[in-house]
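Summary of the model geometry
Here's the letter readout for the chains.
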Amino acid sequence: MEWCVSLPKVELHAHLNGSIRDSTLLELARVLGEKGVIVFSDVEHVILKNDRSLTEVFKLFDLIHILTTDHTTVKRITQEVIEDFASENVVYLELRTTPKRNDSIGMTKRSYMEAVMEGLRAVSTVDVAFAPHNVDAGSLRESLPINDACDGKRKKIYVQLLLSIDRRESTASAMETVKLALEMRDLGVLGIDLSGNPVVGEWMTYLPALEFAREHGLYITLHCGEVPNPKEIQAMLDFIPQRVGHACYFEDDDWKKLKHFNIPVEICLTSNIVTASVSSIDVHHFADLYNAKHPIVLCTDDAGVFSTSLSNEYKVAASAFGLGKREMFQLAKNAIEFIFADDGVKQDLRKTFDLATKKLD
Ligand code: 5GP
């Protein structure tokens, strides 16, 4: 495990509210318990539970959102989540979150995202860098630091943001999120994710917003095939997103199309096993895709909810699929090619991995 922690890693599928430390959730729940908003003893075991079905996961998210949807807490969890990823040598993080309204406290989708940005700036254990939209490699250096100056000596993590559309949202609400993403491009927002309970909503509801996003140059990743829904899976693949997450319930035609379009897959091993979206690790589609040299990237999904870390996902892959250190290193490095940031960032990350090669031997 120590080696997996030392390995530089790229995280491309992490939901902010799924990545919160248990200790923080418990602390927040205790405070709301004292205020009489919730009954602490009822939620404590829900937070600490290890096995959860997909349905239970979405119930837990409803609880987490009650605990976290205020500006101060959004700022806090953003800071903590970034510091946690950086502490296990994640060198590039695409963090996704659903901009939320909370009228009772005057929260708009924009002010929610501003709190996220404050959290980014508050990170103190590591230098946080990001590449705004359309910056060429030459001028990249100057645009990087968003907290204290990156002095080249301290650890650095790139943090880019993806805004999520929740499947419960209407077309208008999805469009609002896309427009917000476009307005926040200079602050490191690179794209749009479609997520939320996969048994809720219809693909056609989000399609206009996703098309609008694409027309305006935002990158798109879709949660695809988390439940058996052949029509939707085909429609999503026909859209040709830049990446898909999960791909658990694909049939032969879906694999063919995925491979034909060469769409990278964000693989979340622990999440898929805990939610029973895949019955056991030895039948996980990681193996087929890996052997076919299809683009894949290991990700956590929800490090807090599934009690995992990106280092642990590499360890799980190594022991389940017999990967050695060389293969794990290459797997981690390959992920650079599927990030949404520009070539300048890719070049910088390649250098980071090349430097690490010597240390990790
Ligand atoms: P947030 O966007 O609030 O920061 O992170 C939590 C949200 O991400 C959840 O409410 C849900 O919409 C989405 N999410 C987290 N994990 C999963 C997952 O495994 N599958 C899907 N479809 N959505 C998820």
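Please refer to the structure higher up on the page.
Rules used throughout
- For every chain, the first residue of its written sequence is number 1, and the numbers climb from 1 along that sequence.
- Confidence filtering applies because this is a predicted model: local features only for residues at pLDDT of at least 70, side-chain atom pairs given and counted only at 80 or more, and all residues used for totals across whole chains, interfaces and linings.
- Here a strand is any run of E in DSSP of at least two residues, a helix any run of H or I of at least four, and the numbering for each starts at the N terminus.
- To assign burial, the other C-beta atoms lying within 10 Å of each residue's own C-beta are counted, with C-beta atoms placed from the backbone; 20 or more indicates buried, 12 or fewer indicates exposed, and intermediate counts indicate partly exposed.
- Once C-beta atoms have been placed from the backbone, residue pairs whose C-beta atoms lie within 7 Å are recorded as contacts.
- When DSSP finds two or more bridges between two strands, those strands count as paired.
- The criterion for a residue being near a molecule or strand is simple: its C-beta atom, placed using the backbone, must lie within 6 Å of it.
- Following the grouping adopted for this structure description, the nonpolar residues are Ala, Val, Leu, Ile, Met, Phe, Trp, Tyr, Cys and Pro, the charged ones are Asp, Glu, Lys and Arg, and the polar ones are all others, Gly among them.
- To form a nonpolar core, buried Ala, Val, Leu, Ile, Met, Phe, Trp, Tyr and Cys residues must be joined through C-beta atoms within 7 Å.
- Axes, fitted as lines to C-alpha atoms, cover a helix only where it is in contact. Angles between the N-to-C directions of the axes lie from 0 to 180 degrees.
- An angle below 35 degrees is treated as roughly parallel, one above 145 as roughly antiparallel, one from 65 to 115 as roughly perpendicular, and anything else as oblique.
- Crossings are classed by handedness, with left-handed meaning an anticlockwise turn of the near helix from the far one by less than a right angle and right-handed meaning a clockwise turn.
- For crossovers, right-handed means that the path from the first strand over the helix to the second runs clockwise, given strands pointing away from the viewer.

**With respect to the overall build of the chain**
When you go through the chain residue by residue, the secondary structure sums to 16 helices and nine strands. Reported as C-alpha extents along the three principal axes, the dimensions of the chain are approximately 55 × 50 × 40 Å. Taking all 361 residues of the chain together, 44% fall into the buried category. Considering only contacts within the chain whose residues lie at least 6 apart along the sequence, 72% involve residues at least 24 apart.

**With respect to the pairing of strand β2 (residues 90-97)**
The element β2 is largely enclosed, with a buried count of eight among its eight residues. Two elements, strand β1 (residues 9-15) and β2, share five bridges in a ladder whose sense is parallel. Looking at β2, one finds that H15 is bridged to R96.

**Some remarks on the site of the ligand**
Among the 17 residues in the neighbourhood of the ligand, the closest are listed as L16, N17, T97, T98 and S195. Split by residue class, the shell around the ligand holds three nonpolar, ten polar and four charged.

**Let's talk about the nonpolar core**
Counting residues in hydrophobic clusters, the biggest one holds 102 residues, and the most contacted among them are I82, L93, I157, Y158 and I192. When residues of this core are assigned to their parent elements, the largest contribution, seven residues, is made by strand β4 (residues 156-166).

**Digging into the packing of helix α8 (residues 171-183) against helix α9 (residues 203-215)**
Orientation of α8 relative to α9, taken along the N-to-C sense of each, is 20 degrees, at an axis distance of 8 Å. As summarised for this structure, α8 and α9 are arranged roughly parallel, according to the angle between their axes. Handedness of the crossing formed by α8 with α9: right-handed. Residues T171, A174, M175, V178 and A181 of α8 form the contact with α9, whose participating residues are T205, Y206, P208, A209, F212 and A213. Its residues assigned to classes, the contact of α8 with α9 comprises nine nonpolar, two polar and no charged.

**Re the pairing of strand β7 (residues 243-246)**
Strand direction decides the pairing type here: strand β6 (residues 219-224) and β7, joined by four bridges, are parallel. Bridged to C224 within β7 is H246. Crossover connection from β6 via helix α10 (residues 230-238) to parallel β7: handedness right-handed. Pairing of β7 with strand β8 (residues 265-267) involves two bridges; the strand directions are parallel. Paired with G245 across the bridge in β8 is E266. Once the chain exits β7 it traverses helix α11 (residues 252-261) before rejoining the sheet at β8, and the crossover so formed is right-handed.

**Examining unusual backbone geometry**
The residue I240 is not glycine, and still its phi comes out positive at about 50 degrees. Of note, I240 is situated in the loop between α10 and β7. Residue classification places I240 among the partly exposed residues on the basis of 13 C-beta atoms within 10 Å. A positive phi angle, near 75 degrees, is found at D301, a position not held by glycine.

**Observations concerning the environment of V178**
On the secondary structure map, V178 appears in helix α8. Its 25 C-beta neighbours within 10 Å are what place V178 among the buried residues. V178 sits 38 residues away from H216 along the chain, and the two C-alpha atoms are 9.5 Å apart. Filtering out sequence-adjacent residues up to four positions away, V178 remains in contact with I192, A209, F212, A213 and L218.

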